[in-house]
Amino acid sequence: MGKLVDDFNSYRTKMNDRIMESANTNIKRFFALDTTTYADGALDVKTKEMLGLVASMVLRCDDCIKYHLGKCYEAGVNHAEMNEIFMIANLVGGSIVIPHYRRAVEYWDELNAG
């Protein structure tokens, strides 16, 4: 992968490991809840990751956007689907989402170049 993707994944892994070293039971349960929520269920993983990406863009969390872009890539989201995800996020979130949209496109391009 490219530098953006490698840097993000490396930092996320390092800090998650650090948090788990000293995390209390509630934090560990919260992390586990996050993991199990995105597992296959009534909705498949791909759909859940697309929903997570839209929510992350509307909430303007760049780390969450990168995470869900990576998961969408792994789940097989294609360019046409991603463009529709971006359009929904911009429609729901409004013009304030545009800077996050720019960074999301850059990250998505890097994922697909790798």
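Where an unreviewed UniProt entry is consulted, the protein appears under the name Carboxymuconolactone decarboxylase family protein, with the organism given as Pedobacter aquae.

1. Comments concerning empty space enclosed by the protein
Under the definition given, this model contains one cavity of 30 Å³ or more. One number sums up the size of the largest cavity: a volume of about 40 Å³. Residue assignment for the lining of the largest cavity shows that the elements contributing at least two residues are α4 (62-75) and α6 (98-113). Across the lining of the largest cavity, the residue classes break down as two nonpolar, one polar and three charged.

2. Quick look at the packing of helix α1 (residues 3-22) against α6
Packing of α1 against α6 leaves a shortest axis separation of 8 Å and a crossing angle of 100°. Compared by their axis directions, α1 and α6 come out roughly perpendicular. Contacts between α1 and α6 involve K3, L4, V5, F8 and N9 from the first element and E106, Y107, E110 and L111 from the second. Considering only residue class, the contact of α1 with α6 consists of five nonpolar, one polar and three charged.

3. Quick look at the nonpolar core
If you look at the biggest cluster of nonpolar residues, it comprises 19 residues, and the most contacted ones within it are L53, M57, L69 and M82. Among the elements of the structure, α1, α3 (45-59), α4, α5 (79-93) and α6 are those that each provide at least two residues to this core. Here M82 is in contact with L53, L69, C72, V77 and W108, once residues within four sequence places are set aside.

4. A short note on the layout of surface pockets
Any empty space left between atoms is shown by rolling a water-sized probe over those atoms. Of the volumes computed, that of the largest pocket is approximately 630 Å³. Where the lining of the largest pocket is concerned, the elements lending two or more residues are α1, α2 (25-37), α3 and α4. No other element matches α4, which puts seven residues into the lining of the largest pocket. Broken down by class, the residue content of the lining of the largest pocket amounts to 15 nonpolar, five polar and six charged.

5. Re the UniProt feature "domain: Carboxymuconolactone decarboxylase-like" (unreviewed entry) in the protein
According to UniProt, the "domain: Carboxymuconolactone decarboxylase-like" (unreviewed entry) feature falls on residues 28-106. Between the C-alpha atoms that bound residues 28-106 the distance is 32 Å, and the span itself is 80% helix and 0% strand.

Rules used throughout
The residue count restarts for each chain, going from 1 along the sequence in the order it is written. Predicted model: local features are reported for residues with pLDDT of at least 70 only, side-chain atom pairs are reported and counted for 80 or more only, and whole-chain, interface and lining totals are derived from all residues. Only hydrogens and water are set aside; all other atoms, that is, all heavy atoms of the structure, feed into the side-chain values. Cavities and pockets are defined on a 1 Å grid built over the protein atoms alone: a cavity is a set of grid points where a 1.4 Å probe fits but cannot escape, while a pocket is an open set with protein on both sides within 12 Å along at least five of seven lines, and lining residues are those with an atom within 4 Å of any such point. Grid points are joined across faces, edges and corners, and a volume is the space filled by probe spheres set on the points. The numbering of helices and of strands both runs from the N terminus, where a helix is a DSSP run of H or I of at least 4 residues and a strand a run of E of at least 2. For this classification, the nonpolar set comprises Ala, Val, Leu, Ile, Met, Phe, Trp, Tyr, Cys and Pro, the charged set comprises Asp, Glu, Lys and Arg, and every other residue, Gly included, is treated as polar. Here an axis means a line fitted to C-alpha atoms, over the contact stretch when the element is a helix, while the angle between two N-to-C directions is reported on a 0 to 180 degree scale. For classification purposes, angles smaller than 35 degrees are called roughly parallel, those larger than 145 roughly antiparallel, those between 65 and 115 roughly perpendicular, and all remaining angles oblique. Contacts are residue-level and defined by heavy atoms, with any inter-residue pair within 4.5 Å sufficient. We define the nonpolar core as a collection of buried residues of types Ala, Val, Leu, Ile, Met, Phe, Trp, Tyr and Cys that are connected through side-chain atoms lying within 4.5 Å of one another. Three labels apply to residues, based on accessible area from a 1.4 Å probe with only protein chains included: buried if under 20% of the type maximum, exposed if over 50%, partly exposed otherwise in between. UniProt positions are given in the numbering used here, feature names are shortened, and annotations may be inferred rather than shown by experiment.

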